[in-house]
Amino acid sequence: MVRDGSSYGNDGTATGVSTVPDLDGMAAQFSGAAMISIPPAASLNPPTEFTLDAWVRPVTLPAAGARYGVFDRNGQFGMFLMDTGELRCSATNVVTGGSIPVNVWTHVACVISPTAVELYVNGLLAVTAARSGALNTGNQDVVAVGANSPSGDSFQGRLDRVRLWQTAHPANRVCTQ
Ligand SMILES: [Ca+2]
């Protein structure tokens, strides 16, 4: 059991995940076919806008043509690390950019406002794009941390403080703390 640190009770079930002392106390270490699965819930179903942020520390980049899931609600929104070392935010549109090093903690965020999709690395805006439409809602696949939903694309390395907010944070709130 992986406990949701918020008040929403979106606890998950972990496979291939251990806890290690790192960053702020403990971090989650993903290896092999790893995944944290969370049942779909209204509080993980942002209807109009959201912010997704996490600390990531991959041990490798994905193999050519592959990707690692950081947080994914299938068909609705997702955050992925690509084989190029770039971050990808997908929601109303797909935005890719920034540069994520291996074996270093990096803060990453996807901010989807009513008008824009923004991708931040270490609190700095890396890419922005005009938002292309409405968010999908209501998919009933599991919500994945450290993998693709419903399966595959397991993250290899460490994740910490993976958070979904049902508001689009302004730039001065996408911080590295
Ligand atoms: Ca997916």
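Please read these numbers as outputs of a predicted model, since none were measured by experiment.

Draft legend 1. Summary view of the overall build of the protein chain. On a plain count of helices and strands, the protein chain comes out with 0 helices and 12 strands. Expected size for 177 residues packed as a compact globule is a radius of gyration near 16 Å; at 15 Å, the protein chain falls within 12% of this value. With respect to the principal axes defined by its C-alpha atoms, the protein chain has extents near 40 × 30 × 30 Å. When each of the 177 residues of the protein chain is scored for burial, the buried share is 40%. In the protein chain, the share of contacts with a sequence separation of at least 24, taken over all contacts with a separation of at least 6, comes to 61%.

Draft legend 2. Structural detail: the nonpolar core. Ranked by size, the top nonpolar core spans 43 residues in total, and within it Val70, Met79, Val108 and Leu159 carry the most contacts. Ignoring any residue separated from it by four or fewer positions in sequence, one finds Met79 in contact with Leu52, Ala54, Val70, Phe71, Leu87, Cys89, Val108 and Cys110.

Criteria and thresholds
- Residues numbered from 1 in each chain as written.
- Predicted model: local features only at pLDDT ≥ 70, side-chain atom pairs only at ≥ 80, totals over all residues.
- Helix = DSSP H or I, 4+ residues; strand = E, 2+ residues; numbered from the N terminus.
- Rg over C-alpha atoms; globule rule 2.2 N^0.38 Å.
- Buried ≥ 20, exposed ≤ 12 C-beta atoms within 10 Å, placed from the backbone.
- Contact = placed C-beta atoms within 7 Å.
- Core = buried A, V, L, I, M, F, W, Y, C linked by C-beta atoms within 7 Å.

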